[in-house]
Amino acid sequence: MTVDTRLRCSICGNPVDGDGEVCADCIADGRAERELGRRKFLRNSLIGAMGLFGVGYLGLALKNLFPASGPLGKLQNIGPINKFTNNYTLIDYTGAGFPDGVYVRQKSPGVIQAFDFHCAHLQCPVQWNSSLKEFQCPCHGSVYNANGQHIAGPAPRGLWPHVVKIANGNVYIGGQID
Ligand code: FES
């Protein structure tokens, strides 16, 4: 039995003479050009998709590397202190430069707590359960107590607190503190 050791055309699979990747027939009838163009398109599409995916993760990474903490997050007046009770209210915080949510409550008279609503695991928005007095993440089950401390699930830490200031009877929240 003889073994055919010739190279094969990468399009039709027929033997190729010399060291070409594509046979003469595929070149002659235009198949080579169409196939190579398709491969180039697929390769460029893949690179483009990876780029978009990367930009999404880059944004998340930048948020974690440079959280809008203290001086980087603008103070936002969220209203008079007497509107806050012991139960958390979700506030739209616009001072970070990206859409953010902050849970705010008056824990005891004059003491305000503010926690970022992003889960410390993979950043899903957590929900405050006022009956159980805990924050619950719908994505993978992380749970935090009313002081933002991690008590269950895969999150590696507690919720991120935000800067809080009280002036002239109003509450201001600032950026996330790491
Ligand atoms: S994102 Fe919250 S537990 Fe995974």
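Residues numbered from 1 in each chain as written. Predicted model: local features only at pLDDT ≥ 70, side-chain atom pairs only at ≥ 80, totals over all residues.

What follows is about the overall build of the protein. Regarding its fold elements, the protein presents two helices and 12 strands. When the helices and strands of the protein are listed from N to C terminus, the series reads β-β-α-α-β-β-β-β-β-β-β-β-β-β. Counting only residues that meet the buried cut, the protein has 22% of its 178 residues in that class. In the protein, 39% of the contacts between residues at least 6 apart in sequence involve partners at least 24 apart. (Helix = DSSP H or I, 4+ residues; strand = E, 2+ residues; numbered from the N terminus. Buried ≥ 20, exposed ≤ 12 C-beta atoms within 10 Å, placed from the backbone. Contact = placed C-beta atoms within 7 Å.)

In this section: the nonpolar core. Within the largest apolar cluster, 23 residues are counted, with the highest numbers of intra-cluster contacts made by V102, Y103, V104, V126, L159 and I173. Those elements giving two or more residues to this core turn out to be β4 (89-93), β5 (100-108), β6 (111-116) and β12 (170-176). Other than its neighbours up to four places away in sequence, V126 contacts F117, C119, F135, Q136, C137, Y144 and L159. (Core = buried A, V, L, I, M, F, W, Y, C linked by C-beta atoms within 7 Å.)

This paragraph deals with the sheet that holds strand β10 (residues 150-152). Pairing is antiparallel in the open sheet, where four strands are placed in the order β7-β8-β9-β10. Of all strands in the sheet, those bounded by a partner on one side alone are β7 (127-129) and β10. Each neighbouring strand pair of the sheet contributes to a mean axis angle of 35°, computed without reference to strand direction. Pairing of strand β8 (residues 134-136) with strand β9 (residues 143-145) involves three bridges; the strand directions are antiparallel. Counterpart to Q136 in the pairing with β9 is V143. (Pairing = 2+ DSSP bridges. Axes fitted to C-alpha atoms, helices over the stretch in contact; angles between N-to-C directions.)

Here we come to the pairing of strand β11 (residues 162-167). Pairing of β11 with β12 involves five bridges; the strand directions are antiparallel. Each bridged residue has a counterpart across the sheet, and for H162 the counterpart in β12 is Q176. Connecting β11 to the next strand, β12, in antiparallel fashion are two residues, including N168 with a positive phi near 50°.

Spatially, β4-β5-β6 is the arrangement adopted by the three strands of the open sheet, whose pairing is antiparallel. Unpaired on one side and paired on the other, β4 and β6 mark the two borders of the sheet. Neighbour-to-neighbour, the strand axes of the sheet open up by a mean angle of 35°, direction not taken into account. The pairing of β4 with β5 spans five bridges and is classified as antiparallel. Residue D92 lies in a different strand from β5, and its bridge partner there is G101.

By the element assignment, G169 lies in the loop between β11 and β12. Sequence separation of G169 and G79 is 90 residues, and the distance between their C-alpha atoms is 8.4 Å. When sequence neighbours within four positions are dropped, the list of residues in contact with G169 reads P80 and I81.

Positive phi outside glycine occurs at K133, with the angle close to 55°. Within the secondary structure layout, K133 lies in the loop between β7 and β8. C-beta crowding within 10 Å serves as the criterion here: with 13 such atoms nearby, K133 is assigned to the partly exposed category. Even without being glycine, N168 reaches a positive phi, approximately 50°.

Residues with a pLDDT of 70 or more make up 65% of the protein, whose mean pLDDT is 79. In the model, residues 39-71 has pLDDT below 50 throughout and makes 20 contacts with residues more than four positions away in sequence or in other chains. (pLDDT = per-residue confidence, 0-100.)

Attention now goes to the environment of N82. Here N82 lies in the loop between β3 (76-80) and β4. As a C-alpha pair, N82 and G169 span 87 residues in sequence and 8.0 Å in three-dimensional space.

Positionally, I78 belongs in strand β3. With 21 C-beta atoms packed within 10 Å, I78 lands in the buried category. In this structure, the C-alpha to C-alpha distance between I78 and V171, residues 93 residues apart in sequence, is 5.7 Å. When neighbours within four sequence positions are excluded, I78 is seen to be in contact with I91, V104, V171, Y172 and I173.

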